[in-house]
Amino acid sequence: MAFKHGKAASVLLGATDLSTYLTSADLAADLDTADTTTFHATWKSAIAGTAGGKLELAGLYDPGVADLATVFGGDPGSVLTYCPAGAVALGDMARLLSVSEIAYAESSPVGGVVAVKASTMADGEIGFGNVIHLLAEETSTVDGTTVDLTAQSTTGAIAHVHATAVTATDTFDITIEDSSTGSSGWATVGTFASITAASAERIVIAGTIKQYVRVVTTVTDVSGTPAITFLVAFART
Amino acid sequence: MAFRHGKNAGLTLNTKDLSTFLTSMDASWDLDTADTTTFQATWKSSLAGIPGGKIELAGNYDPTATTGPGAVLWSAFTGAVPVTGLVYPGGNVTGQALWTITSGCLVTAYSESSPVGGIVTFKASIDVVVLPVRSVI
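Residues numbered from 1 in each chain as written. Chains lettered and ligands numbered in written order. Predicted model: local features only at pLDDT ≥ 70, side-chain atom pairs only at ≥ 80, totals over all residues. Heavy atoms only, no water.

Is there a simple way to explain the overall build of chain A in this structure?
Counting secondary structure elements, chain A contains one helix and 16 strands. By principal-axis analysis of the C-alpha atoms, chain A measures approximately 75 × 55 × 40 Å. Across the 237 residues in chain A, those meeting the buried criterion constitute 44%. In chain A, once contacts between residues fewer than 6 apart in sequence are set aside, the share between residues at least 24 apart is 76%. Summed over all atoms, the accessible surface of chain A reaches about 10,500 Å², with 53% contributed by carbon and sulfur. Between the centroid of the 10 positive side chains of chain A and the centroid of its 24 negative side chains there is a distance of 11 Å. (Helix = DSSP H or I, 4+ residues; strand = E, 2+ residues; numbered from the N terminus. Buried < 20%, exposed > 50% of the residue type's maximum accessible area, 1.4 Å probe, protein only. Contact = heavy atoms within 4.5 Å. Areas by Shrake-Rupley, 256 points an atom, 1.4 Å probe, with all protein chains shown as cover. Lys, Arg positive; Asp, Glu negative; His and termini not counted. Charge placed at Lys NZ, Arg CZ, Asp CG, Glu CD.)

Help me out: how do you make sense of the packing of aromatic side chains in this one?
The relative placement of two aromatic rings is captured by the distance of their centres and the angle of their planes. According to the stated counting rule, one finds eight aromatic pairs over all chains in the structure shown. Taking 6.1 Å as the distance between ring centres and 65° as the angle between the ring planes, the aromatic pair formed by A:Trp43 and B:Trp29 counts as edge-to-face. Here the residue A:Trp43 occupies a position in the loop between strand S3 (22–35) and strand S4 (46–60), and B:Trp29 occupies one in strand S3 (residues 22–35), the pair thus bridging two chains. For A:Trp43, a relative accessible area of 10% puts it in the buried group. Members of the aromatic cluster, connected to one another through ring pairs, are A:Phe128, B:Trp74, B:Phe77, B:Tyr110 and B:Phe122. Above the face of the A:Phe128 ring, A:Arg95 is positioned so that its terminal group lies 3.7 Å from the ring centre. (Phe/Tyr/Trp six-rings, centres within 6.5 Å; stacked < 30°, edge-to-face > 60°. Lys NZ or Arg CZ within 6 Å of the ring centre and 35° of its normal.)

I keep staring at the pattern of salt bridges and nothing clicks. Help me out?
Should the charged atoms of two oppositely charged side chains come close, the side chains can pair. Scanning the entire structure with this criterion turns up seven salt bridges over all chains. With a closest N to O distance of 3.7 Å, A:Asp143 and A:Arg214 form a salt bridge. Highlighted residues: A:Asp143 in strand S9 (residues 142–143) and A:Arg214 in strand S15 (residues 212–220), separated in sequence by 71 residues. The class of A:Arg214 is buried, set by a relative accessible area of 13%. The partner of B:Asp127 in a salt bridge is B:Lys54, and the shortest N-O contact between them spans 2.7 Å. (Salt bridge = Lys/Arg side-chain N within 4 Å of Asp/Glu carboxyl O.)

Can you help me understand the interface of chain A and chain B in this one?
By a widespread convention, an interface's size corresponds to the accessible area lost as its parts come together. Listed by partner, the interface residues are 37 residues for chain A and 39 residues for chain B. Summing both partners gives a buried area of about 3,100 Å² for chain A against chain B, and 63% of it is carried by carbon and sulfur. It is A:Phe3, A:Trp43 and A:Lys44 that lose the most area in chain A upon contact with chain B, and together they represent 24% of the buried surface on that side. Taken together, chain A and chain B are joined by three salt bridges. Measuring nitrogen to oxygen at the nearest pair gives 3.6 Å for the salt bridge that ties B:Asp30 to A:Lys44. Summed over the shared surface of chain A and chain B, the result is 17 residue pairs in polar contact (both at pLDDT 80 or more). Taken together, the elements giving at least two residues each to the side of chain A that touches chain B come down to S3, S4 and strand S6 (93–107) of chain A. Of all the elements, S3(A) adds the most residues to the side of chain A that touches chain B, at 10 residues. Among the residues forming the side of chain A that touches chain B, the class breakdown is 20 nonpolar, 11 polar and six charged. (Buried area = accessible area lost by both parts, 1.4 Å probe. Polar contact = N/O pair within 3.5 Å; in protein donor to acceptor, adjacent residues only side chain to side chain. Nonpolar A, V, L, I, M, F, W, Y, C, P; charged D, E, K, R; others polar.)

Please explain helix H1 (residues 69–79) of chain B as it appears in this structure.
Residue pairs three or four apart in sequence face the same way in an α-helix, which turns once every 3.6 residues. Among all positions of H1(B), only B:Pro69, B:Gly70, B:Val72, B:Leu73, B:Trp74, B:Ala76 and B:Phe77 are buried. B:Ala80, located one to two residues past H1(B), shows a positive phi value of around 55°.

How should the environment of B:Arg4 be read in this particular structure?
Residue and element names in this part refer to chain B. Tracing the sequence through the fold places Arg4 in the segment before strand S1 (10–13). As for Arg4 and Thr66, which are separated by 62 residues in sequence, their C-alpha atoms are 31 Å apart. Those residues in contact with Arg4 that lie beyond four places of it in its chain are Gly90, Val93 and Gln96. Of the polar contacts made by the side chain of Arg4, one reaches the backbone oxygen of Gly90; its length is 2.8 Å.

When you look at unusual backbone geometry in this model, what are you seeing that I'm missing?
Note: most peptide bonds trans; most residues except glycine with negative phi. Residues and elements named next belong to chain A. Not every positive phi belongs to a glycine, and Thr150 is a case in point at roughly 75°. Counting through the fold element by element, Thr150 comes out in the loop between strand S10 (147–148) and strand S11 (157–166). In this structure Thr150 comes out as partly exposed when scored by relative accessible area, which is 48%. Notably, Thr169 is not glycine yet its phi reads approximately 75°, a positive angle. Considering the arrangement of structural elements, one finds Thr169 in the loop between S11 and strand S12 (171–179).

What is the right way to read the environment of B:Trp74 from this model?
Within the secondary structure layout, B:Trp74 lies in helix H1. Relative accessible area serves as the criterion here: at 10%, B:Trp74 is assigned to the buried category. Among all residues touching B:Trp74, those that are not within four sequence positions of it are A:Ala29, A:Ile126, A:Phe128, B:Pro69 and B:Tyr110.

Next up, the structure:
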């Protein structure tokens, strides 16, 4: 067993790491069921319907962090990655959501800190996967560390990139590669759009994903001091 | 009498033993009834309908890749196909009850919670969609 404290949890929404503003995160997924119980049945029966999910966030108000407020009421598609026990090591668990925010609240008690709450609804499948690039800076073209995802799969994947800081004028291309051995035979399976500013993107990958994956960063240096801080999460579907 | 402490309880879902991750398990079986109470009755009456069941789970999050509760429950949830469950209310030892639910546990809800001041936890709800068989180990 390896139980985890909640203090290390991470939530990234769009281009912002909200972790240091939040005090709780609650992910809930549910499955509709359709009752199929008929005459002469001896026990209730049902068949599976459609799955859905939501993420509830609570934290401390900061006027400099507007993401939770600005995405409220917007079109679905905000990229959100939730790591229940944190993103401190490659392979840590990550939940990948494309969300629409359906509720946002600010609370100003006379005797306490100003607080915020937000409710988001998943738009499409929630990915249960892993962090394959920690929220860290890269300053040159580099092949990332190999992450062992335990087995090959054939039904595709979802991937998120959250770029929280990007130097102006430079361009960064982030791709995901897979390999059967973890040491050779690397091939690109996912490509994010070129990044020139703080941003986030969710991509859907079809087909076979081999056991090992890594993130490759390619830098087009114009400034002379290129740097990008980003996290990539990956979930087989 | 042979009362049992709740700490002995156990659950195996889809061949994976989740017992050491759980902090509570509530299995309930209920029977629909059709009220037959009429005017001038002195006491309510009813007819038996169809029984059903539900299992509520709560426990500590563990990221273990294939045998942790997240992996097992999420796999069953997204699979949307009933899996086999073995429920041990008083533990998996001789003399204790065992509910065998063959291909009848449909995971209908799964949640994770990360409080800044405590341990990461999970909850799950399971609809029991076949008649469970009770036996004594």
